[in-house]
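Chain and residue survey
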Amino acid sequence: MTQKFRHVFGAGKPVIGMVHLGALPGSPLFDVDAGIDGLVEGVVKDVDALQKAGFDAIMFGNENDRPYEFAVDTASTATMAYVVGRVRERITVPFGVNVLWDPMSSIALAAATGAAFVREIFTGTYASDMGPWTPNAGKAMRYRDRLHRQDLALLYNVSAEFAHSLDQRSLPDRARSAVFSSIPDAILVSGQITGEAAALSDLEAVKKTLPDTPVLANTGVKHATVADVLRIADGCIVGSSLKVDGNTWNAVDPERAIEFMRIVRTARGS
């Protein structure tokens, strides 16, 4: 297990709860009437609910900024930094950030807010809903180092949502190659879209190929499946299942979050 991953998350199997910001300025769904204060209000409620439920870490993401971009508007990144700054003193667990789908903006945001980790697509070549997708891990890692955040843990999603890999190698082979060439601190395995589960067979195959690298389920983990996921994976990231009615675009439901972590504690204890 990588030293940075263990430093951020400890020795257990971390469960990371998502804080989905409302649509940001410059994106089509931004709520002009609620404004920035409305974004902060929603984030405060979600952060408090996740921490009260006992999540090991939280991650801030801009899932509501549909349609997504590869080079995110500077206003979006700046607003995310402002909102995270407004709630920073409330945060008692490690936190990460993800600016979809822009590795450079994600790293810049982490540097500005003091985030401990970043999730992003750093490697591969994809045909996607947003067009041809060719992230540059070397450029992103060098940017991280220029910002003096060598301590920042990088979580590599190797099965991009809303996209199809143009690489003909198997998922385990792509993951193995990413570890060899790009030095990620963890590998994430996803379903096809937000809220859709990664196949347990994919998790098993990647973990078997990478026994010494943390492998996490990135999408679609539910109350009914988290125990099975944690028997295979080294942790998971969860968002939609915690929301009111299980709807990705709703606020976190405190009771669903509490019940999810009750199941997690039982699973990890066994």
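This text gives an overview of the structure that appears in the document. (Residues numbered from 1 in each chain as written. Predicted model: local features only at pLDDT ≥ 70, side-chain atom pairs only at ≥ 80, totals over all residues. Heavy atoms only, no water.)

Things to note about the pairing of strand β1 (residues 15-20)
The buried fraction of β1 amounts to six of the six residues, a majority that puts the element mostly inside the structure. Here β1 shows two buried faces, one formed by Val 15, Gly 17 and Val 19 and the other by Ile 16, Met 18 and His 20. Relative to strand β11 (residues 236-238), β1 is paired through three bridges, and the arrangement is parallel. From the neighbouring strand, Gly 17 faces β11, where its bridge partner is Val 238. Taken together, β1, helix α2 (residues 35-53) and strand β2 (residues 57-61) form a β-α-β motif whose crossover is right-handed. (Buried < 20%, exposed > 50% of the residue type's maximum accessible area, 1.4 Å probe, protein only. Helix = DSSP H or I, 4+ residues; strand = E, 2+ residues; numbered from the N terminus. Pairing = 2+ DSSP bridges. Right-handed = clockwise from strand over helix to strand, strands pointing away.)

A look at the packing of aromatic side chains
One pass over the full model with this rule turns up 11 aromatic pairs. Between Phe 60 and Phe 95, the aromatic rings sit 5.8 Å apart at their centres with planes inclined by 80°, giving edge-to-face as the arrangement. Taken together, the residues span a long stretch of sequence, with Phe 60 in strand β2 and Phe 95 in strand β3 (residues 95-98) at a distance of 35 residues. By relative accessible area, Phe 95 is classed as buried at 3%. (Phe/Tyr/Trp six-rings, centres within 6.5 Å; stacked < 30°, edge-to-face > 60°.)

Comments concerning the sheet that holds strand β8 (residues 163-165)
In space, the three strands of this open sheet follow the order β6-β5-β8, with antiparallel pairing throughout. On the outer flanks of this sheet lie β6 (131-133) and β8, each paired with one strand and no other. Shown here is a sheet whose adjacent strand axes are inclined to one another by a mean of 25°, direction ignored. With three bridges joining them, strand β5 (residues 126-128) and β8 adopt antiparallel strand pairing. Along β8, the bridge assignment pairs Ser 128 with Ala 163. (Axes fitted to C-alpha atoms, helices over the stretch in contact; angles between N-to-C directions.)

With respect to the pattern of salt bridges
Inspection of the entire model under this criterion finds 13 salt bridges. Among the salt bridges present, the one from Lys 207 reaches Asp 234, with a minimum N-O distance of 2.7 Å. Taken together, the residues span a long stretch of sequence, with Lys 207 in helix α7 (residues 200-209) and Asp 234 in the loop between α8 (226-232) and β11 at a distance of 27 residues. Asp 234 carries the same exposure label as Lys 207, and that label is buried. (Salt bridge = Lys/Arg side-chain N within 4 Å of Asp/Glu carboxyl O.)

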